[in-house]
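These are the residues of each chain, in order.
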Amino acid sequence: HSMTFDWVLPFHEPGLAPVGDKTGAYHIHIDGRPVYEQRFDRTFGFYSGLAAVIEDGVWFHITVDGERAYSEIWDWCGNFQQNRCPVRDSDGHYHHIRPDGTVLDGGPHSYAGDFREGAAVVRGIDGFCWHIDLEGVPVHGSRFLDLDVFHKGFARARDGGGWHHIDRSGTDNSQGRRYSELEPFYNGQALARSY
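Here the structure is a predicted model, which is why all the values come from computation and not from measurement.

Caption draft 1: Focus on the sheet that holds strand 14 (residues 155-159). Strand order across the open sheet formed by 3 strands is 13-14-15, with antiparallel pairing between neighbours. With one partner strand each, in any of the chains shown, strand 13 (146-147) and strand 15 (162-166) form the two edges of the open sheet. Here strand 13 pairs with strand 14 via 2 bridges, running antiparallel. Bridging across to strand 14, L147 finds its partner in A157.

Have a look at this one:
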């Protein structure tokens, strides 16, 4: 027999895909069978064993058996990367949470990004950006107008002069040069555009 869904998102580890039909949103196995009985308003892919879902206008994460991973609710949830996830509260502030729902120190932030190479970018309420570690502690003391995640140990950063690369200590790796555009390093080189 064939199965039809109103929408389907890609399969993710552990081999489950979010789908929706007239009964609601849920996850299926590769053969199309539902993973659990629960239905939600919207489901997203599993990352680090947890999936973001929407139910009655609020967001939270579920485990592979469809059960809530923690009791807190959010206005928005991202996906877990390196066992940390950005979330937005009802005041519009961003935080990072652990898989048990506990919030990392250091917030609230006006923005919080995904973790990569053990660090994430946050934008403070003051508008400046910095890197935090997996516990929410600043990785270095430098603040920037814009900032990107680390890619092979270096991150793109923008100060009043323009874009440049920094290392994990927050140190300028561009010998003081600034660019109007700059990409991450690939095999030891980065595309840059001068002003």
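That was the structure; now back to the text.
Caption draft 2: Expanded view of the packing of aromatic side chains. By the definition in use, this model includes 6 aromatic pairs. One aromatic cluster in this structure is built from Y36, F40 and F60. Lying over the aromatic face of W130, R143 brings its terminal NZ or CZ to 3.8 Å of the ring centre. Taking NZ or CZ as reference, R168 lies 4.6 Å from the ring centre of F150, over its face.

Caption draft 3: Looking closely at the sheet that holds strand 5 (residues 50-55). Read across the sheet, 3 strands follow the order 4-5-6 without closing on themselves; strand pairing throughout is antiparallel. For this open sheet the edge positions go to strand 4 (42-47) and strand 6 (58-62), each flanked by a neighbour on one side alone. This sheet shows a mean twist of 20° between the axes of neighbouring strands, independent of strand direction. Here strand 4 pairs with strand 5 via 4 bridges, running antiparallel. Across the sheet, T43 pairs through a bridge with V53, a residue of strand 5.

What counts and how
Residues numbered from 1 in each chain as written. Predicted model: local features only at pLDDT ≥ 70, side-chain atom pairs only at ≥ 80, totals over all residues. Heavy atoms only, no water. Pairing = 2+ DSSP bridges. Helix = DSSP H or I, 4+ residues; strand = E, 2+ residues; numbered from the N terminus. Phe/Tyr/Trp six-rings, centres within 6.5 Å; stacked < 30°, edge-to-face > 60°. Lys NZ or Arg CZ within 6 Å of the ring centre and 35° of its normal. Axes fitted to C-alpha atoms, helices over the stretch in contact; angles between N-to-C directions.

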